[in-house]
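Spelled out, the chains give:
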Amino acid sequence: MQSLENELKECARKLLTEKKVDLIIGYKKGALPLRSTPCFIREEKDVDSLIFDFTCSNNLATYLQKSKLAEHRTPNTENHGKIGIIAKACDARAIVQLIVEKQVKKEDITLIGIACTGILDLKKVSDGLDGKEILNYKLQNGEVLFQGKDFKKPLKLSDILCDVCKTCLNPDPSVYDSFIGEPISGAKTEIVDKLEGLSPDERWEYFEREISKCIRCYACRNACPLCYCEECVVDRTNPQWFGKSTEFSDTFTFHITRMLDTAGRCVGCGACIRACPTHVDLAPLGIKIEKEIKERFGYTAGLSLDVIPPMATFDEDDKQEFIM
Amino acid sequence: MATFKIKKKRLKEFIDNLTKEYRVFIPVESDGVASFMEIGDLRFDSYNTDRPPKEIFFPQTEALLTYKEGEISSPEQASTEKIAIFGVRPCDAKSFSLLDRLFGMEPNVAKCSEYKDTYWINKRTNALIFTIGCNHPLSTCFCNWLNGGPFNKEGTDLLLTDNGEDFLVEHCSKNGEEFIKTKGMPVQKATKVDIKRASSIRKKAESTLSKPVDITSLKEDLDNLWDNPVWDEIAYKCLSCAACSYLCPTCYCFDIQDERAGNARGKRIRIWDSCMFSLFTKEASGHNPRPSSKERMRQRIMHKFNYFVENLGEFGCVGCGRCIRSCPVNVDIREIINTIKNVKLTVSNEK
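None of these values were measured; they are calculated from a predicted model. (Residues numbered from 1 in each chain as written. Chains lettered and ligands numbered in written order. Predicted model: local features only at pLDDT ≥ 70, side-chain atom pairs only at ≥ 80, totals over all residues. Heavy atoms only, no water.)

To summarise the sheet geometry, strands pair through backbone hydrogen bonds and adopt either a parallel or an antiparallel arrangement. Residues and elements named next belong to chain A. Pairing in this open sheet of five strands is mixed, and the strands run E2-E1-E3-E4-E8 from one edge to the other. Strand pairing shows two members of the sheet lacking a second neighbour, strand E2 (36-41) and strand E8 (178-180), which therefore form its edges. Adjacent strand axes in the sheet meet at a mean angle of 30°, parallel and antiparallel pairs treated alike. Contacts from helix H3 (residues 89-100) reach strand E1 (23-29), strand E3 (83-87) and strand E4 (109-114), with the element oriented near 135° to E3. (Pairing = 2+ DSSP bridges. Helix = DSSP H or I, 4+ residues; strand = E, 2+ residues; numbered from the N terminus. Axes fitted to C-alpha atoms, helices over the stretch in contact; angles between N-to-C directions. Contact = heavy atoms within 4.5 Å.)

Next up, the structure:
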């Protein structure tokens, strides 16, 4: 049986040589042992650099945003150029949501779904190794053996995967043009709501702790495929809706606003938390919002092309218990 | 020049004493992020912090002036506090000396900004820098490419070398020398054995760094590369966030904003800004001379390795590796430098 990566390379090679796509967006090995990095491939000779493993932390769908595509010397999809994009199930949902929101045309994209069993949480790895630098690693039998300058230590794989991956409800893409690997079994069925049952004080403590770490670099916003506003509300200065300094109330407002702006559109991929250089983790809030959306509107972003997102429409049956 | 040593077990007491006269900052880890703080548990084995110590002298948010009912005050400028930083790494200490020149603090140095930034200068004057050299540089450290090293002395008042049970202490500046002479740091004279040991530790540390890439001609190489298509290759994956700039010890761009409460009072603040943001060069007309990540990445590299050299005589990078570690898409500035060195000059660019 062919390895996942070989299957992926074969698929990519075929798409390029048969001229079904002009560009493949995927992952290649990064400059550090536990990092991968996005790669843009136009020539068949570069296909061998494609990888796929638990270091593939970016949501590549972000590169399909109009503004990002327009920026590249490569022409954007509206003019010409078909794009093949490698997508974990969550990334695939983001692509579907972008199509539903008319940001991307389905006929311009070849969605190469790929089986994913979870992405590494680098903070968990670092905590497990007491902050020591990793020079090498080996995955075997549900354990990852990490090696550094003067240490060797195994960590259980299940202990170092991202929380959002461990509680993933949709590990298989519903919409795709190709699928690499085998469908995943044993997915969770209940949304894990970490904020449930916390007292108001406990919730405040959580928000205060996380938001105090923020340095307003906007890595979270820029990594998110669904944050594509041409002018972000936080950047507007005339009028200026909120401050740009690290004043707590301004930073808090930015994050709440971003969470609410992505309500009903967030696919819970965790790219935002992994992008953050200071480990701000507001995923529990994002997940709670999506839980509300599911309960109220029966909607989960990115599962189907044939929907109207709940925040873009209304229905007479929508619950109104909070105003009536 | 005498060399001293201080026992590690006496350090806590020494730092506690120091707080009587100075605001003392030490490297502290909190929730996975290491930064310089005034309280916490000092760790000697940690690498350079995640957040750069530039934020002690150049805070991310700083009030330049405040006003209330017609009265203007500038508390930041008037402050007479003395600051001591214990546990800086040589890369960050070097960043202080680079930014000193940028902020106009070193008028006698050949290339120094004319404009004096009194906010920086005020805090930096009389600040005491205790640098701990790096026995175990990280794989992302490349200080040795940039005339730095794990025991480099630039920007340092007192250089400490971790010698096992104690730290070797050497003064690298007049302030450092004064401090040892007068302030009663519980040091003893270092023996020949201590010095020899430290020397072999340093040699070992220096040898673990990857072989430096020769960048003596990098500035000139960049002079000829403005229109070269290499910038597309370099910038394609950049998300245009500010992770690299904000965590960089030598980045210093800032925006100025006014924040007011009604008409009677308010403050003028400066906040960190980044050339990587698309908004950085957006003009009032709506035109943006740096419309894509290509132009912005070019700007970042040119600033650090070309303009800084032209304006201040040295590369504006200390090789600390924070940008490599923090970039969400793993842009590696060392790869960029190598790409630039290897780029084939097109006929039109040849001069």
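The next subject is the interface of chain A and chain B. Opposite the 46 residues of chain A that make contact, chain B presents 47 residues. Summing both partners gives a buried area of about 3,500 Å² for chain A against chain B, and 50% of it is carried by carbon and sulfur. Viewed at the interface, chain B and chain A are joined by three salt bridges. Between A:Lys123 and B:Asp31 there is a salt bridge whose closest N-O contact spans 3.7 Å. Counting across the interface, chain A meets chain B through 17 residue pairs in polar contact (both at pLDDT 80 or more). At the level of elements, E2, helix H2 (66-71), helix H7 (200-211) and helix H8 (219-223) of chain A are the ones that each hand at least two residues to the side of chain A that touches chain B. It is E2(A) that provides the largest number of residues to the side of chain A that touches chain B, a total of five residues. (Buried area = accessible area lost by both parts, 1.4 Å probe. Salt bridge = Lys/Arg side-chain N within 4 Å of Asp/Glu carboxyl O. Polar contact = N/O pair within 3.5 Å; in protein donor to acceptor, adjacent residues only side chain to side chain.)

This brings us to a negative patch on the surface. There is a patch of like negative charges on the surface, built from A:Asp201, A:Glu202, A:Glu205 and A:Glu208. By secondary structure assignment, the location of A:Glu208 is in helix H7. (Patch = residues over 30% accessible without salt bridge, like charges linked within 9 Å, V, L, I, M, F, W, Y side chains within 5 Å. Areas by Shrake-Rupley, 256 points an atom, 1.4 Å probe, with all protein chains shown as cover. Lys, Arg positive; Asp, Glu negative; His and termini not counted. Charge placed at Lys NZ, Arg CZ, Asp CG, Glu CD.)

All names here are of chain A. An ideal rise of 1.5 Å per residue puts 16 Å on 12 residues; H3 measures up with 16 Å between its terminal C-alpha atoms. Burial within H3 is extensive, with 12 of its 12 residues counted as buried. For H3, the set of buried residues is Ala89, Cys90, Asp91, Ala92, Arg93, Ala94, Ile95, Val96, Gln97, Leu98, Ile99 and Val100. Of the surrounding elements, those touching the buried residues of H3 are E1, E3 and E4. Immediately downstream of H3, the backbone of Lys102 shows phi near 60°, a positive value. (Expected span 1.5 Å × (residues − 1). Buried < 20%, exposed > 50% of the residue type's maximum accessible area, 1.4 Å probe, protein only.)

Once that is clear, we can look at the environment of A:Cys220. Residue and element names in this part refer to chain A. Its place among the elements puts Cys220 in helix H8. The exposure class of Cys220 is buried, given its relative accessible area of 12%. Residues Cys220 and Ala275 lie 55 residues apart in sequence; the distance between their C-alpha atoms is 5.8 Å. In this view, Cys220 contacts Phe254, His255, Arg258 and Cys272; residues no more than four positions away in its chain are not counted.

It is worth spelling out the domain arrangement of chain A at this point. Residue and element names in this part refer to chain A. Split into domains, chain A comes out as domain 1 (2-120 + 164-180), domain 2 (122-160) and domain 3 (200-312). Placing a centre on the C-alpha atoms of domain 1 and another on those of domain 3 gives a separation of 23 Å. Contact with domain 1, which involves 26 residues of that partner, is made by 28 residues of domain 3. Across the domain 1 to domain 3 interface the summed buried area is about 2,100 Å²; carbon plus sulfur atoms make up 60%. Considering only the surface of domain 1 that becomes buried against domain 3, Arg93, Gln97 and Val164 emerge as the three largest contributors, covering 28% of it. The tally of links between domain 1 and domain 3 comes to one salt bridge. Taking the shortest distance from any N to any O, the salt bridge between Glu101 and Arg265 comes out at 2.8 Å. Applying the counting criterion to the domain 1 and domain 3 interface returns 13 residue pairs in polar contact (both at pLDDT 80 or more). Where the side of domain 1 that touches domain 3 is concerned, the elements lending two or more residues are H3 and helix H6 (163-166). Taken together, the residues that form the side of domain 1 that touches domain 3 break down as 13 nonpolar, eight polar and five charged. (Domains from an automatic or database assignment. Nonpolar A, V, L, I, M, F, W, Y, C, P; charged D, E, K, R; others polar.)

Below, the discussion takes up a nonpolar patch on the surface. Residue and element names in this part refer to chain A. Where nonpolar side chains cluster on the molecular surface, the patch consists of Phe322, Ile323 and Met324 and spans about 430 Å² of accessible area. Inspection of the secondary structure assignment puts Phe322 in the segment after helix H11 (283-297). Owing to a relative accessible area of 60%, Phe322 belongs among the exposed residues under this scheme.

Per the counting criterion, the structure on display carries 51 salt bridges over all chains. As a salt-bridge pair, A:Asp48 and A:Arg13 come within 3.1 Å of each other at their nearest N and O atoms. Of the two residues, A:Asp48 sits in the loop between E2 and H2 while A:Arg13 sits in helix H1 (residues 4-17), which places them 35 residues apart along the sequence. The class for A:Arg13 is partly exposed, based on a relative accessible area of 25%. The salt bridge partner of A:Asp193 is A:Lys288, with a shortest N-O separation of 2.7 Å. Residue A:Asp193 is found in the loop between E8 and H7, and its partner A:Lys288 is found in helix H11; the two are separated by 95 residues along the sequence. If you follow the salt bridges from partner to partner, you end up with A:Lys123, A:Asp127, A:Arg209, A:Glu210, A:Lys213 and B:Asp31 in one network.

Right, let's get into unusual backbone geometry. In the segment running from A:Asn238 into A:Pro239, the intervening peptide bond is cis, with an omega of 0°. Mapped onto the elements of the fold, A:Pro239 is located in the loop between H8 and helix H9 (248-261). One non-glycine residue, B:Asp31, lies in positive phi territory at about 55°. Considering the arrangement of structural elements, one finds B:Asp31 in the loop between strand E2 (23-30) and strand E3 (33-37). Owing to a relative accessible area of 30%, B:Asp31 belongs among the partly exposed residues under this scheme. Even without a glycine there, the phi angle at B:Asn330 is positive, about 60°. With respect to the helices and strands, B:Asn330 occurs in the loop between helix H12 (322-326) and helix H13 (333-342).

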